[in-house]
Amino acid sequence: MPIDPVELSRELIAFNTINPPGNELGCILHLEKILSDAGLQTSVQRFAQDRANLIARAGDAGRLPLCFTGHVDTVPLGNAPWSVDAFAGEIIDGKMYGRGSTDMKCGVAAFVAAVGNMVEQLEGTSGVVLVITAGEEVGCEGALHLVRAGIPGRTGAIVVAEPTSNSALVGHKGALWLRLTLKGVTAHGSMPHLGINAAFKAARALTALETFQFNVAPHPWLGAPTLNVGTVRAGLNVNSVPDLAEIGIDIRSIPGLDHSRIQEHLKAELGDDILLEPIVDLGAVWTDPSSSWIKDVYSIVRDVTGDEHGLNPRTAPYFTDASVLTPALGNPPTIILGPGEAARAHQTDEYCSVDRIREASDIYSRLAAKWCGRSE
Ligand SMILES: [Zn+2]
């Protein structure tokens, strides 16, 4: 029985993998069973209680394999009530509803079905490796565990099945989230001169951050790096001098702008009195759209969807596991291409178009066949 990507999407949505805490193990073991039954070699990497990544391999001769990757954790449901069951995978008007449908269980189901249904065809070829991760939504935790363990080695190219409406995107910015800590000395609110107010230190830092310049030329397609102050906290009660302030900043970086250089630059601007700690540190991803594999991808996508990528390469607004996987797998060309719609990700009543799930599965089979020299 061939694996049906739409039915599999529904099965994956039924697992509650809201992160935190994740609890992806059940979903991962379900996929492991399907893939090993289909004839792939599988291995499960457990990295915490009820949390695991899955690697599956088909074919292993010749050049490096093509990698498909996706995560199975989801964000929480949010405060607004859903009008459908968030775990039922119900199809209404050609849309499959559920938390994690668009981001990105339908994408995972599409490549699992594509590869699971062509295992015999991949035998004796360079083949395909599937990297299915847990814990992407809180900073690519699962991918980091894989990479630390040296799994899965090098690959020749990477397809990240995050939501792009089946358009092939060639990169995204990096993310550097920093916690800035400023220390003061507490005192009674009636005698502020006896203390050192950490809130005033934070105020001076905020002014410097507002005018911070990266001093790099914008990337031709990803644009300029950005800096946002997302959180500011100081003080426990109104009648004390705060002895601690914390500022949370979100920097989105571009290729060639090294994160350690940004941190040095910030320290120079803000002074030694500030402790700077990275919370999330993920590099930008970029593949030259004129490379030969990207041309193959564009032509396959055009054949399946009719979408012309034309001259303007497209990029993703969000970051993906590719920030971790691409450098760890030898910096191969990387695309982001999946059936979900980026605008539906993380929303109430999240859904994915059923037609797009089938289309994505078709694109992935053709990509795998082309990579392994088994097409046309
Ligand atoms: Zn995602």
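Just so it is clear, the model here is predicted, and its values are computed rather than measured.

Mind showing me how you'd approach the overall build of the protein chain here?
Across its full length, the protein chain carries 10 helices and 16 strands. Against the 2.2 N^0.38 benchmark of 21 Å for 376 residues, the protein chain shows a C-alpha radius of gyration of 23 Å, consistent with a compact globule. Along the longest, intermediate and shortest principal axes, the C-alpha atoms of the protein chain span 80 × 45 × 40 Å. Looking at the 376 residues of the protein chain, the share that counts as buried comes to 47%. A separation threshold of at least 6 residues defines the contact pool for the protein chain, and within that pool the share at least 24 residues apart is 80%.

Please clarify how the domain arrangement of the protein chain should be interpreted in this entry.
When the parts of a complex come together, some accessible area is lost, and that lost area is often used as the size of the interface. For the protein chain, the domain assignment lists domain 1 (5-172 + 284-371) and domain 2 (174-282). Computed from C-alpha atoms alone, the centre-to-centre distance between domain 1 and domain 2 is 35 Å. Every contact between the two is made by 10 residues of domain 1 and, on the other side, nine residues of domain 2. Of the residues belonging to the side of domain 1 that touches domain 2, the class tally is six nonpolar, four polar and no charged.

Help me understand the pairing of strand E1 (residues 41-48), please; the structure alone is not making it clear to me.
Where E1 lies against strand E2 (residues 51-58), seven bridges are found, and the strand directions are antiparallel. Looking at the pairing, Gln-45 lines up with Asn-53 of E2.

What should I look at first to understand the sheet that holds strand E16 (residues 351-353) in this one?
In a beta sheet, neighbouring strands pair by backbone hydrogen bonds and run either parallel or antiparallel. Within the open sheet, the three strands sit side by side as E4-E5-E16. Their pairing is antiparallel. Either end of the sheet is taken by a strand with one partner, and the two such strands are strand E4 (91-92) and E16. Relative to E16, strand E5 (residues 95-97) is paired through three bridges, and the arrangement is antiparallel. Along E16, the bridge assignment pairs Met-96 with Cys-352. Packing of helix H3 (residues 101-116) onto the sheet brings it into contact with E5 and E16, and relative to E16 it is tilted by some 50°.

Explanation requested: the nonpolar core in the structure shown.
Where a protein is soluble and globular, its nonpolar side chains tend to be buried together. In this structure, Leu-130 and Ala-368 are the most contacted members of the largest nonpolar core, which totals 99 residues. Considering every element that reaches this core, the biggest residue donor is H3, with 10 residues. Two domains each donate at least three residues to this core, and these are domain 1 (5-172 + 284-371) and domain 2 (174-282).

Explain unusual backbone geometry here, please?
With glycine set apart, most residues show a phi of negative sign, and most peptide bonds adopt trans. Backbone torsion omega between Asn-19 and Pro-20 reads 0°, so that peptide bond is classified as cis. Along the polypeptide, Pro-20 turns up in the loop between helix H1 (5-13) and helix H2 (25-37). Even without being glycine, Ser-165 reaches a positive phi, approximately 55°. On the secondary structure map, Ser-165 appears in the loop between strand E7 (157-160) and strand E8 (169-172). You can call Ser-165 buried: it has 21 C-beta atoms within 10 Å.

Would you explain the packing of helix H8 (residues 292-305) against helix H10 (residues 354-371) in this entry?
Axes are the key here: two packed helices are described by the angle between their axes and the distance separating the axes. Where H8 meets H10, the closest approach of the two axes is 10 Å, and the angle between their N-to-C directions is 140°. Between H8 and H10, the angle falls in the class oblique. Crossing of H8 against H10: the hand is right-handed. The residues of H10 that touch H8, namely those facing Asp-296, Val-297, Ile-300, Val-301, Val-304 and Thr-305, are Glu-359, Asp-362, Ile-363, Arg-366, Leu-367 and Lys-370. Of the residues in the contact of H8 with H10, the class split is six nonpolar, one polar and five charged.

It is not clear to me how the sheet that holds strand E10 (residues 226-234) should be interpreted in this structure. Could you clarify?
The strand order across the open sheet built from four strands is E10-E11-E9-E12, with neighbouring strands paired in antiparallel fashion. Here the strands that pair on one side only, and so sit at the sheet edges, are E10 and strand E12 (274-282). Along the sheet, successive strands turn relative to each other by an average axial angle of 20°, direction set aside. For E10 and strand E11 (residues 244-253), the ladder comprises eight bridges, and the chain directions are antiparallel.

When you look at helix H6 (residues 198-210) in this model, what are you seeing that I'm missing?
Side chains three or four residues apart in an α-helix point the same way, a direct result of the helix having 3.6 residues per turn. For H6, spanning 13 residues, the distance from its first C-alpha to its last is 18 Å, which sits close to the expected 18 Å at 1.5 Å a residue. If you check which residues of H6 are buried, you get Ala-198, Lys-201, Ala-202 and Ala-205. Buried residues along H6 cover an arc of 100° about the axis, so they all sit on one side. Across from the buried face of H6, at angles greater than 90 degrees, the exposed residues are Thr-207 and Glu-210. Those residues of H6 that are buried lie in contact with strand E9 (174-183), E10, E11, helix H7 (259-270) and E12.

How should the pairing of strand E3 (residues 66-71) be read in this particular structure?
Residues in a regular strand point their side chains to alternate faces of the sheet. The element E3 is extensively covered by neighbouring structure, given that six of its six residues are classed as buried. Residues Leu-66, Phe-68 and Gly-70 point to one face of E3 and Cys-67, Thr-69 and His-71 to the other, with burial holding for every one of them. Here E3 runs beside strand E6 (residues 128-133); their pairing, made up of six bridges, is parallel. Across the sheet, Phe-68 pairs through a bridge with Leu-130, a residue of E6.

Can you walk me through the packing of H1 against H10 in this structure?
It is at 9 Å that the axes of H1 and H10 come closest, and there the two elements cross at 115°. The orientation of H1 relative to H10 falls into the category roughly perpendicular. In this structure, H1 meets H10 at a crossing whose hand is right-handed. Residues Pro-5, Val-6 and Ser-9 of H1 lie in contact with H10, whose contacting residues are Val-354, Ile-357, Arg-358 and Ser-361.

Definitions and limits used
- Residues numbered from 1 in each chain as written.
- Predicted model: local features only at pLDDT ≥ 70, side-chain atom pairs only at ≥ 80, totals over all residues.
- Helix = DSSP H or I, 4+ residues; strand = E, 2+ residues; numbered from the N terminus.
- Rg over C-alpha atoms; globule rule 2.2 N^0.38 Å.
- Buried ≥ 20, exposed ≤ 12 C-beta atoms within 10 Å, placed from the backbone.
- Contact = placed C-beta atoms within 7 Å.
- Domains from an automatic or database assignment.
- Nonpolar A, V, L, I, M, F, W, Y, C, P; charged D, E, K, R; others polar.
- Pairing = 2+ DSSP bridges.
- Axes fitted to C-alpha atoms, helices over the stretch in contact; angles between N-to-C directions.
- Core = buried A, V, L, I, M, F, W, Y, C linked by C-beta atoms within 7 Å.
- Parallel < 35°, antiparallel > 145°, perpendicular 65-115°, else oblique.
- Left-handed = near helix turned anticlockwise from the far one by under 90°.
- Expected span 1.5 Å × (residues − 1).
- Arc of directions from axis to C-beta.

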